[in-house]
Structures are given as structure tokens and as C-alpha cells.
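Fold and contact review
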Amino acid sequence: MAISFSISHFTPLSFFYLLLLSSSLSPTAALNITTILSSFQNFTSFSSLLTSTSVASDLTRRDPITLLAVPNSFLSVSPSSDLTRRLPPSSLGDILRYHILLQYFSWDDLLQIPPSGILVTTLLQTTGRVHSNFGAVNITRNPVTNTITIQSPAPYSPSNATVLSLVKTLPYNITILAVNSLIVPFDFNLMASETRPPLGLNITKALIDGHNFNVAASMLSASGVVEEFEADEGGAGITLFVPTDAAFADLPGNVRLQSLPADKKSVVLKFHVLHSYYPLGSLESIVNPVQPTLATEDNGAGSFTLNISRVNGSVAIDTGIVQASVTQTVFDQNPVAIFGVSKVLLPREIFGKDPPVVTSKPGNAVVGTSVQPPEVSPSPENSPGLSGPASHLSSPPGFRQEIKSDGERYRVQRCIAALCCIGLYLVI
């Protein structure tokens, strides 16, 4: 028997409950790539490589990504087989990081890539161990056959791979694509990839030695999060943006960091840290301006992100309510970078309801530069997609995820407003 129902059968309270239930789904948790790949017997060798090189553990903290996985049958064929046999784990790990795109691609996204191609950042680029943008890949599509090719952006790069099929997709967090070969970055010294033990840097001491970071050092030490930061020095490294003492003194009167609950204070401090090593040169030419922070990892994709760009010759950081600039390099030795910034980075998720008035003062920027507020990110409705004009070639990895999340929140808010109006009408 066919089952039907009309809107009159539901009370306004029922509608509101259903909406709350549907909109309170938690963000996708950290996913174990090897667990996902274990469902596919043709990727056991590739999964084993990810685990043996510790790259798999790096991926549990990455979202969104697209993984280029090589099936067993192609991994056992030279030259892929030769690479896996003769390379030390550190070099092989960097080769595998080159197969992790820091952007989510659906199959439809791939089919809309222009023939001229797009440049996409990989996990290898964030390690600081590659020259220029050779840690990125160029993805091109043959308009006649729809064949997708992936290779180094360097001209005439000898190493490339062809996408064979879509293996798995979890919108809008993870896509796994099968490719027919391992890809070697251009100008990559296969036998000299750096074997890098954890630096063991005492972050608090480094800040005290910097002389004008006493407030930040005290807050980090008192909160206990500095130990977590130091534990993250391995893997892809970390980048800290540390406000100067003058930046804390410049906080508006309605911002009282010390009176925040301990958990929120911890979130604010984590909001100042990227879970990747970025030397200053990489920040200045960053491909993906919308960067997740350690606070993002605790609160879900799309939240607590920083917009990093180059403005008037300086690195500018926009939180949505505060615009700051990098004023100095405190420490920069792979895998840790610490930069002084002109403002305390206040996340809009905590301070956005009553945005503080933060004004720039002369002398905050790096000598010889004047920093203007970074450009406002486009709204979900106006943001170009992969099928958009040629300007999309410079759109950052993760940007589509950000605008999708904002768009979904906007549609939920409109839906709640509309259905509440319907419920009010039924009561009347």
C-alpha cells in the first residue's frame, strides 16, 4: 500500500525537531585511509606503503584530500616496483606525499577540468623540501577522450600518471582515485630526501628568547597546549603565528582572553597554528589561501580557518574579523616555523557575534611595507566552480570545501526560517 502524508499532519514543533535533528549531524571525523583501502583488495600493497612510511598517520589530520592510489598490478610493474624496492623510507614517504592532493575532487569535478589544466598543491609541498612549486601537480583533461593526466608542473616532466577510475568518494572530505603509476616530483633527488628526526624545539624558550613574546609564552605555558604543539613537530611540521606583546596590549576592551573558559582559550591558541611547516617564502606564494588550523581539527572542516595572502609585499592573515600581518621571523628550521604577527588572531566562531574593533597602528607591518586588509573571500553564490572561467586555475585547494560548507549552512538557515513560518501559519 502506498504511504503518503501531507504537511498538515505535522505540528510546528515536529517540523522544528526534525530540522534540528537533520542539521545537528557532526562533521566527518578523522578518517583512516588504510581502513578505507582495506575494503579494496587491489590496493593492499599501496596501503602497506602508506603505513610503513608513517604517511598514513599524517592523513588522519588532513581534510579534504584526494588520494592517488596505485593498484597492486601497476605497483608491481617497473619503474614503480623499482622505486618501492630501492628507496629509503624517507624518500619513499615523500613520493607518497606527492600523491596526496590537498583538495577534494569528485568525478564530475575532474570531468570539468579545462584542457589547459589546473595546479593543485600536494602534501609534499607543505614539507618545505621541494623547490618552487614542484610540490604541486598539474592535472589536465583530454577534451576528446576525457583522459585525466597528472604530472609535475615543470615543462617536459618525464613522470606522469593517468587516472584509471574512481575508487571511493566521501563528499566533501575524501576521494580515492586509482592511477596507473607512481609519480616522481621534478628535480627530486631520490636518494637524498631528508631523513628528519623531530626537532625537539622548546617553543616557550624560543618565544622568550625573541624578547617581545612574553605574554604569548606565558599563555601557551599556562594552557598546556604548547606540549601538544611540540608533539606535532614531526610529520609535516607546524607553523605558529605568535602575537607580539604589543598586539596583546592593542586588544579592544571588549576582548578578555584571560576570562575565557579554559577550553575556549585553548581553541584560540590552536587557531594560531597550522599543522604544516611553511617557511616565509612558502607563505608568500601560498597556493591555498584558506588554511585549516589545529582548531579546525578539533571542531570540523570549514571552521576556524585562516585566510593567508600576500598584500603589498607582506604576508597578511585574515580571520574574518581581524586583519594581521607577519612582522618578523622568530624561528625557521624545518619542521618548525614561528612568525611574529601584529594582531591577536581572533576567530569569528568565538568573537563574531560581538566583533571587536581592531585598528591598525603604524609600525605593525614589516619595515618597508604597508599592509591593507586582504580581499574579502567571495560568497558561496558568487564563487566560481571548476566549470567556471579561466580564473579558476588559481583557485586554492580546499576552497570548494569551504564554500560548500557555507552554502549548506545558508540553505539550512533558510529552510528553518521557511518551515517555522509554515508552522506559525498552521497554529493560527
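None of these values were measured; they are calculated from a predicted model. (Residues numbered from 1 in each chain as written. Predicted model: local features only at pLDDT ≥ 70, side-chain atom pairs only at ≥ 80, totals over all residues. Heavy atoms only, no water.)

**Description of the overall build of the protein chain**
Definition in use: Think of it this way: any DSSP run of H or I at least four residues long counts as a helix, any run of E at least two long counts as a strand, and we number them from the N terminus. Partly exposed describes any residue whose relative accessible area lies between the buried limit of under 20% and the exposed limit of over 50%, with all areas from a 1.4 Å probe on protein chains only and scaled to the type maximum. Computed with a 1.4 Å probe, the accessible areas rest on the Shrake-Rupley method; for each residue, only the protein chains presented here act as cover.
Along the protein chain, the regular secondary structure elements total 17 helices and 14 strands. The burial tally for the protein chain puts 48% of its 428 residues in the buried class. Looking at the protein chain as shown, the accessible area adds up to about 20100 Å², and 57% of this sits on carbon and sulfur atoms.

**Points about the sheet that holds strand S7 (residues 174–179)**
Hydrogen bonds along the backbone pair up the strands of a sheet, which may run parallel or antiparallel. Short version of the rule: A strand pair is defined by DSSP finding two or more bridges across the two strands.
Within the open sheet, the seven strands sit side by side as S2-S1-S7-S6-S5-S4-S3. Their pairing is mixed. With one partner strand each, in any of the chains shown, strand S2 (100–101) and strand S3 (118–121) form the two edges of the open sheet. Strand direction decides the pairing type here: strand S5 (residues 148–151) and strand S6 (residues 160–170), joined by three bridges, are antiparallel. Paired with Gln-151 across the bridge in S6 is Asn-160.

**A word on the environment of Leu-68**
Filter applied, for reference: Two residues form a contact once any of their heavy atoms are found within 4.5 Å.
Turning to its location among the elements, Leu-68 is positioned in strand S1 (residues 65–69). For Leu-68, the contacting residues outside a window of four places in its chain are Phe-46, His-99, Leu-101, Ile-150, Leu-177, Val-179 and Ile-183.

**A short note on the pairing of S5**
Looking at chain direction, strand S4 (residues 136–141) and S5 are connected through four bridges and run antiparallel. Its bridge partner being in S5, Thr-140 is matched across the sheet by Thr-149. Hairpin geometry of S4 and S5 is characterised by an intervening segment of six residues between the two adjacent antiparallel strands and by a positive phi of about 60° at Asn-146.

**What to know about helix H10 (residues 214–223)**
A turn of α-helix holds 3.6 residues, and therefore any two residues three or four places apart point the same way. Note the following rule: An arc is given here, and it is the one of the directions from the helix axis to the C-beta atoms.
Among the residues of H10, Ala-216, Ala-217, Met-219 and Leu-220 are the ones counted as buried. For H10, the arc enclosing every buried residue in end-on projection is 165°, short of the 170-degree limit, so these residues lie on one face. Considering only its buried residues, H10 is in contact with helix H9 (203–209), helix H11 (225–231), strand S8 (238–243), helix H12 (245–249) and helix H13 (262–270). Taken from the residues just after H10, Gly-224 is the one with a positive phi, measuring 85°.

**Details of the sheet that holds strand S10 (residues 290–292)**
Pairing in this open sheet of seven strands is mixed, and the strands run S9-S8-S14-S13-S12-S11-S10 from one edge to the other. The outermost strands of the open sheet, each flanked by one partner alone, are strand S9 (273–274) and S10. As defined by bridge partners, strand S13 (residues 323–333) adjoins strand S14 (residues 336–341) across six bridges and the pair is classed as antiparallel. Counterpart to Phe-331 in the pairing with S14 is Ile-338.

**Quick notes on the pattern of salt bridges**
Definition in use: For this analysis, a salt bridge means a side-chain nitrogen from Lys or Arg found within 4 Å of a carboxyl oxygen belonging to Asp or Glu.
Going through the model one piece at a time under the given rule, you end up with five salt bridges. For the salt bridge of Lys-270 with Asp-298, the shortest nitrogen-to-oxygen distance reads 2.8 Å. Of this pair, Lys-270 sits in helix H13 while Asp-298 is found in helix H15 (residues 294–299), placing the two residues 28 residues apart along the sequence. Accessibility expressed as a relative area gives 48% for Asp-298, which makes it partly exposed. Each of Glu-228, Lys-270 and Asp-298 takes part in a single network of salt bridges with overlapping partners.

**Some points on the pairing of S13**
Pairing of strand S12 (residues 314–318) with S13, which is carried by three bridges, proceeds in the antiparallel orientation. Its bridge partner being in S13, Ile-317 is matched across the sheet by Ala-324. Hairpin connection between S12 and S13: a loop of four residues separates the two successive antiparallel strands, and Gly-320 in this loop has a positive phi of roughly 105°. Where S13 hands over to S14, the hairpin turn is made up of two residues, counted between the paired strands.

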